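A structural walkthrough
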Amino acid sequence: MTYKFGDNQRPQNRVPPGLHEVRIKDARVGESMNGNPMIRLDLIEPQLKAILRDQLVLTENCFWKLDEFLRYFDLDLSVGDSLDFDQEFLDGLIGLTGTVQVKDQLFNGQKVSKVVAYLPAEDSQLVEGSE
């Protein structure tokens, strides 16, 4: 990869509240501030070229959000199926698209976009190409 200095701009990380089509740009294993395993997501909103970030913490209190996230992509799971959220599984999510609900939230005194819901997609698809 060749880097060219000078014309690069910080990606937008705010979108208007509401429903937005997004594509998973990156998914990686991480650790929360409390030491719990989690998934870090970079979601790109292609029309606005905005990058939204979300975290899915792998604790029982947050399993509802994991269920919602997995339904969002219609991964053909049945109740009781077990998954290992390893990097290989997460790499397979990159490029999937669907709809998220976003709201404004104050963080350190600034307004940021927060993903509040993953909406089940009937026709999730893999989008070729990269941004």
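Residues numbered from 1 in each chain as written. Predicted model: local features only at pLDDT ≥ 70, side-chain atom pairs only at ≥ 80, totals over all residues. Heavy atoms only, no water.

**Regarding the nonpolar core**
- Ranked by internal contacts, the top residues of the largest apolar core, which has 23 residues, are Leu-41, Leu-43, Phe-69 and Tyr-118.
- Those elements that provide at least two residues to this core are strand 1 (18-31), strand 2 (37-45), strand 3 (50-57), helix 1 (63-72), strand 4 (97-107) and strand 5 (110-119).
- Residue contributions to this core peak at four residues, all from helix 1.
- Those residues within four positions of Leu-41 in sequence are excluded, and the remaining contacts are Asp-26, Ala-27, Leu-52, Arg-53, Asp-54, Leu-56, Phe-69 and Tyr-118. (Core = buried A, V, L, I, M, F, W, Y, C linked by side-chain atoms within 4.5 Å. Buried < 20%, exposed > 50% of the residue type's maximum accessible area, 1.4 Å probe, protein only. Helix = DSSP H or I, 4+ residues; strand = E, 2+ residues; numbered from the N terminus. Contact = heavy atoms within 4.5 Å.)

**Structural notes on the sheet that holds strand 2**
- The strand order across the open sheet built from five strands is 3-2-1-4-5, with neighbouring strands paired in antiparallel fashion. Here the strands that pair on one side only, and so sit at the sheet edges, are strand 3 and strand 5. The average undirected angle you get between the axes of adjacent strands in this sheet is 45 degrees.
- Pairing analysis gives six bridges linking strand 1 to strand 4, with the strands arranged antiparallel. (Pairing = 2+ DSSP bridges. Axes fitted to C-alpha atoms, helices over the stretch in contact; angles between N-to-C directions.)

Honestly, that's just the spatial picture; any functional story needs more than this.
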